Structures are given as structure tokens and as C-alpha cells.
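Geometric and topological summary
In case you want the letters, here they are:
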Amino acid sequence: MRDVTDSIPTTVDVVLPCLDEAGALPWVLGRIPEGWRAVVVDNGSTDGSAEIARTLGATVVHEARRGFGAACHAGLLAARAEYVCFCDCDGSLDPGLLAPFVREVAAGDADLVLGRRRTTARGAWPPHARAGNLALSRMLRRRTGLRLHDLGPLRAARRAPLLALGVADRRSGYPLEMVVRAADAGWRVREHDVPYLPRTGRSKVTGTWRGTWQAVRDMRAVLALPPGPPLPATTADAR
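Just so you know, these numbers come straight off a predicted model, no measurement behind them.

Strand S2 (residues 37-42) sits mainly inside the fold: five of its six residues count as buried. Here strand S1 (residues 12-18) pairs with S2 via six bridges, running parallel. The partner of Val15 across the bridge, within S2, is Val39. Each parallel crossover has a hand, and for S1 linked through helix H1 (residues 25-30) to S2 it is right-handed. Bridge analysis of S2 against strand S3 (residues 59-62) gives four bridges, and the strand direction is parallel. Bridged to Val41 within S3 is Val61. Regarding the hand of the β-α-β motif, the stretch spanning S2, helix H2 (residues 49-55) and S3 is right-handed.

Rendered as C-alpha cells:
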């Protein structure tokens, strides 16, 4: 685990949706800040990812229903810490960068903090995936007024308010719906640049035009949802 000397909360769970990420897991789990808990949600891996994660000290949750949102939400339900973070498990993002995100939420300066991906190498972010993300960011702005540039998976918030948002999508629209519902609830959403690295292995979504188009379709459906009831960022978990 990575040692973080700054004063940050230690009651943090990091949700890592995982589908055949055996090659990336050692690096990703090695970057989790000291004292935080890694919750790896295995979404049907066949390469031994779950066993590797468990050996490396992570809590492993199994989610049989395929879908990025299904895996993320299973991890959120399994989390027990006050603060919950999300990070891809493919080595494209450093979970150690979540420390200042959590600090910002804990200080009361933001309710949801997102990472804006900045590529560090050619090919790290395929042009079709980047174009889709840009289009969705513009649609999000029209729908919510939020001036975000990315809908990336690196993010941090408090667990109980996240659950209270009632995010329903269980596919590619999950991360967008989280932001939409947060905006409807009047949350303060912040965005910070983070380096985006070449992923380990092939992307299951943005690695193909078909996968990207399906993700865009899921997210367009989310943007068509009517505004939900206002939910304060301090709403307690009713479960």
C-alpha cells in the first residue's frame, strides 16, 4: 500500500470494478493509500483476477450481473467507510491521486470530486472515446448547468449521500447518472486534472466503436431522465 503522509481521512473504501484485470491489479492495489480499503468487485473474470486481488489484501465482492454500473453499485453497497472512492482497475488511473479528492470532501469544500483525464501517451485515450466523452459533457452542461470536461471514473464522495441519490443505471450510464443526480440535488461538484495512462490490456468498452456507441446510448438515456427530487448532500443512509 502507498504511504500518504498528508492529513487525510483513513475511513475510506476504494471501489474497483474488475473484469479480467490480472495484469494491472498488482500495480493498482499497490497505489492504494495506506490505511484505505480496496474493494475489488469481480464482474465475471476468467483470468484469476479475484484470487490475485484477495492475495494482495483486497476485499473481493462478486457481482454476477455484467455491467460497469452493476459492479460499481455492488462495491458501493459493500463499502462501509464514511468516504467512498471509485477507480478503474486497468492501470490507466492512479488511485493514490484520490487522497486530495477525499480531503476536499472531508473539508466540506465539495460533495463530489471527479478526475479530468489528461493523456500521457499517444493512444491512451482513443479518438472515438474522447469524442463521445466531449459530446456527453456538452449534453450534461445543457441538462444540469455543470461545466465539466470529463465523466471519468476517478471520483470521491461520502458513502451515505451517494446511496441516497438512488442511482439506477447498471451499465455504462452509472457514472453519468451519479453526476446528474448529484447536480439535481444541488451538490457541489468539482473537477481536477489527473494523468491518464495507457491501460493494461484491451478496453471492454472504449476499445471499440461498438462499445463506445453502446456507452453513449446508455448515457443519452440517463440525460433524458427528468430531474429527480432534491436530495441534500448530508442525507443519511436509509438502508
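Okay, helix H3 (residues 68-78) next. For H3, the tally of buried residues reaches eight of 11 residues, placing the bulk of the element in the interior. Buried within H3 we find Gly69, Ala70, Ala71, Cys72, His73, Ala74, Gly75 and Leu76. The elements touched by buried residues of H3 are S1, S2, S3, strand S4 (83-86), helix H6 (159-164) and helix H7 (174-184).

Even without being glycine, Asp20 reaches a positive phi, approximately 55 degrees. With respect to the helices, strands and loops of the structure, Asp20 is situated in the loop between S1 and H1.

Moving on, we get to the pattern of salt bridges. Going through the model one piece at a time under the given rule, you end up with 11 salt bridges. A salt bridge links Arg158 to Glu82; its shortest N-O distance comes to 3.3 Å. Here Arg158 is found in strand S6 (residues 155-158), whereas its partner Glu82 is found in the loop between H3 and S4, with 76 residues between them in sequence. According to the relative accessible area criterion, Arg158 is partly exposed, its value standing at 26%. Residue Glu82 is classed as partly exposed on the basis of its relative accessible area, which comes to 40%. Among the ionic pairs, Asp111 bridges to Arg188, the shortest N-O distance being 3.1 Å. Placement of Asp111 in the loop between helix H4 (99-106) and strand S5 (112-119) and of Arg188 in the loop between H7 and strand S7 (189-196) is noted, with a sequence separation of 77 residues between them.

Within the element layout of this structure, Asp88 appears in the loop between S4 and H4. When its relative accessible area of 14% is taken as the criterion, Asp88 is described as buried. In sequence terms Asp88 and Pro17 are 71 residues apart; their C-alpha atoms lie 6.4 Å from each other.

This part covers the nonpolar core. Among the nonpolar cores identified, the biggest contains 37 residues, and Leu112 and Trp187 are the most heavily contacted of them. Every element with two or more residues in this core is listed here: S2, H3, S4, S5, helix H5 (127-144), H6, H7 and helix H8 (209-223). Of all the elements, H7 adds the most residues to this core, at seven residues. In this structure, Leu29, Ala50, Ala99 and Leu154 belong to the second largest nonpolar core, which totals 33 residues.

Helical geometry note: an α-helix holds 3.6 residues per turn, so side chains three or four residues apart project in the same direction. Most of H7 sits out of view: 11 of its 11 residues are buried. Considered for burial, the residues of H7 that qualify are Tyr174, Pro175, Leu176, Glu177, Met178, Val179, Val180, Arg181, Ala182, Ala183 and Asp184. Phi turns positive one or two residues past the end of H7, at Gly186, with a value near 80 degrees.

This next bit is on the side chain of Ser92. Along the chain, Ser92 turns up in the loop between S4 and H4. Within polar-contact distance, the side chain of Ser92 engages the side chain of Asp90 at 2.6 Å. Not counting residues within four places of it along the chain, the set of residues in contact with Ser92 comprises Pro195, Tyr196, Leu197 and Arg199.

Read across the open sheet, the seven strands follow the order S3-S2-S1-S4-S6-S5-S7; overall the sheet is mixed. With partners counted over all chains shown, the strands left at the sheet margins are S3 and S7, one partner each. Between one strand and the next, the sheet's axes are offset by a mean angle of 20 degrees, whatever the strand orientation. Sheet contacts for H7: S4, S5, S6 and S7; angle to S5, the most-contacted strand, approximately 135 degrees.

Parameters and conventions
- Residues numbered from 1 in each chain as written.
- Predicted model: local features only at pLDDT ≥ 70, side-chain atom pairs only at ≥ 80, totals over all residues.
- Heavy atoms only, no water.
- Buried < 20%, exposed > 50% of the residue type's maximum accessible area, 1.4 Å probe, protein only.
- Helix = DSSP H or I, 4+ residues; strand = E, 2+ residues; numbered from the N terminus.
- Pairing = 2+ DSSP bridges.
- Right-handed = clockwise from strand over helix to strand, strands pointing away.
- Contact = heavy atoms within 4.5 Å.
- Salt bridge = Lys/Arg side-chain N within 4 Å of Asp/Glu carboxyl O.
- Core = buried A, V, L, I, M, F, W, Y, C linked by side-chain atoms within 4.5 Å.
- Polar contact = N/O pair within 3.5 Å; in protein donor to acceptor, adjacent residues only side chain to side chain.
- Axes fitted to C-alpha atoms, helices over the stretch in contact; angles between N-to-C directions.

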